[in-house]
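Working through the structure, step by step
Here are the chains, one letter per residue:
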Amino acid sequence: MLLNWTVMILYNYFSAMFVGPGYVPLGWTPEKSQDCMYLQYCKVCQSYKAPRSHHCRKCNRCVMKMDHHCPWINNCCGYQNHASFTLFLLLAPLGCIHASFIFVMTMYTQLYNRISFGWSSVKIDMSAAKRDPRPIIPFGLSAFAASLFALGLALGTTIAVGMLFIIQMKVILTNKTSIESWIEEKAKDRIQYYQTGETFIFPYDMGSKWKNFKQVFTWSGIPEGDGLDWPVRDGCHQYSLTIEQLKQKADKRVRSVRYRAIEDYSGVCCPVTKGIKTFFTTPCTEEPRIALSKGDLILATRGLKHWMYGEKILDSAADGGIRERGWFPRRCVEKCQYDSETDQPVDGEKKNR
């Protein structure tokens, strides 16, 4: 049984790794040209982003129904490998629970055969078993230590991977990826901030957990659909989510604040020369850092106490349309008091969160 667990775990692990999430074809455009106005354009893939797809910086491709990039499989979790990835998260804790039971029973029986009770003390002889002088597998002090260490690993894996499995099942049953959950939260904030009176309805939740479940897990092992077109609930259409993304992107431009670099920054993760607080409060995220030179202009969209995130303003003709976005130390920049294009105070037009 333990070997069966191992085979199934490795099969789903390597399936999630090598099958991959599925990528939007390079140069993809919707069938109707007028639908392009509802979609974002990816300059790297030279194609429009299909509904539910997002560009992954690590894979350098637009991933269909992207949930997240998993470093343990060195790939994204998305449309094609979501089922394999979730089964791996289920089978790994079950196999570890079985292994933990074996370790516990092994240590219990071996210690029971080596323990002796006296009038004033309890002694454990790890040299040999009293009731089993010829054990099948020698069990000494090193074997006991190894079994105890393996038990700790098995229990730790059960807890950690089990929590990830619960998160993924919540994603599947609501038919809402981690990125889409974040988009929905930002939609609520945007509507509340501007008091528009809109009501955002997530379009891909079929209203039934079983229907959502069947979109990922099928008898053939191939998920429903083609990863580009998705069934939507009543009152929504195929581009309800992408239209909301475009609104949020436009809102981000309005709320962004222009800064000018006053110090050079090499782009290292933990800069030593930018202060102790900056060094120890570096953002715990996989998002990149951007190098700054004195005089560079940056549009900041969010920030922490000692760090900011934004996009460097580049000459589109010189850089070929490539965007540079990432974190940089707050002490390396200062807010531009006037917008160079409109010659108006930045604070009068833009609101910094």
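An unreviewed UniProt entry annotates the chain as Palmitoyltransferase of Psilopogon haemacephalus. As recorded by UniProt, the Subcellular location (unreviewed entry) comment attached to the chain reads in full: "Membrane". Note on the chain: under the UniProt heading Sequence similarities (unreviewed entry), the record states "Belongs to the DHHC palmitoyltransferase family."

Brief notes about the side chain of Arg 289
With respect to the element layout, Arg 289 can be found in the loop between α7 (276-280) and β10 (297-303). Summary of buried charges: Arg 289 has no salt-bridge partner, and the nearest side chain of opposite charge, Glu 287, is 7.0 Å away. For Arg 289, the residues in contact, after removing those within four places along its chain, are Tyr 265, Gly 267, Val 268, Cys 269, Thr 282, Pro 283, Trp 307 and Trp 327.

Observations regarding the packing of aromatic side chains
For the structure shown, the criterion picks out 13 aromatic pairs. For the pair Tyr 13 and Phe 14, a centre-to-centre distance of 5.3 Å together with 75 degrees between the ring planes defines the contact as edge-to-face. Taking the relative accessible area as the measure of exposure, Phe 14 reaches 38% and is therefore partly exposed. With 5.3 Å between their ring centres and 50 degrees between their planes, Tyr 13 and Phe 88 make a pair best called tilted. Linking Tyr 13 in helix α1 (residues 2-19) with Phe 88 in helix α2 (residues 82-114), this pair joins segments that are 75 residues apart in sequence. Through pairs of rings, three or more aromatic residues link up here, namely Tyr 13, Phe 14, Phe 18 and Phe 88. Directly above the ring of Tyr 204 sits Arg 52, whose terminal nitrogen or CZ lies 4.4 Å from the centroid. The ring of Trp 307 has Arg 289 sitting right over it, with the charged end atom 5.6 Å from the ring centre.

Criteria and cut-off values
- Position numbers for residues count from 1 along each chain, tracking the sequence in the order it is written.
- With the structure being a predicted model, the display of local features is reserved for residues of pLDDT at least 70 and the display and counting of side-chain atom pairs for 80 or more, all residues being used for whole-chain, interface and lining totals.
- Hydrogens and water molecules were not included; the side-chain quantities draw on all heavy atoms of the structure.
- UniProt positions are given in the numbering used here, feature names are shortened, and annotations may be inferred rather than shown by experiment.
- Here a helix means four or more residues in a row that DSSP labels H or I, a strand means two or more in a row labelled E, and each is numbered from the N terminus.
- The classification of residues rests on relative accessible area computed with a 1.4 Å probe and restricted to protein chains. Under 20% of the type maximum is buried, over 50% is exposed, and intermediate values are partly exposed.
- When charges are tallied, Lys and Arg are placed among the positive residues and Asp and Glu among the negative ones, while His and the ends of the chain are skipped.
- When a carboxyl oxygen of Asp or Glu is within 4 Å of a side-chain nitrogen of Lys or Arg, the pair counts as a salt bridge.
- We call two residues in contact when some of their heavy atoms are within 4.5 Å.
- Paired rings are identified among Phe, Tyr and Trp, the last through its six-membered ring, by centres lying within 6.5 Å, and are further divided according to the angle between planes into stacked (under 30 degrees), edge-to-face (over 60) and tilted (the rest).
- Whether a charge sits over a ring comes down to the Lys NZ or Arg CZ being within 6 Å of the ring centre and within 35 degrees of the ring normal.

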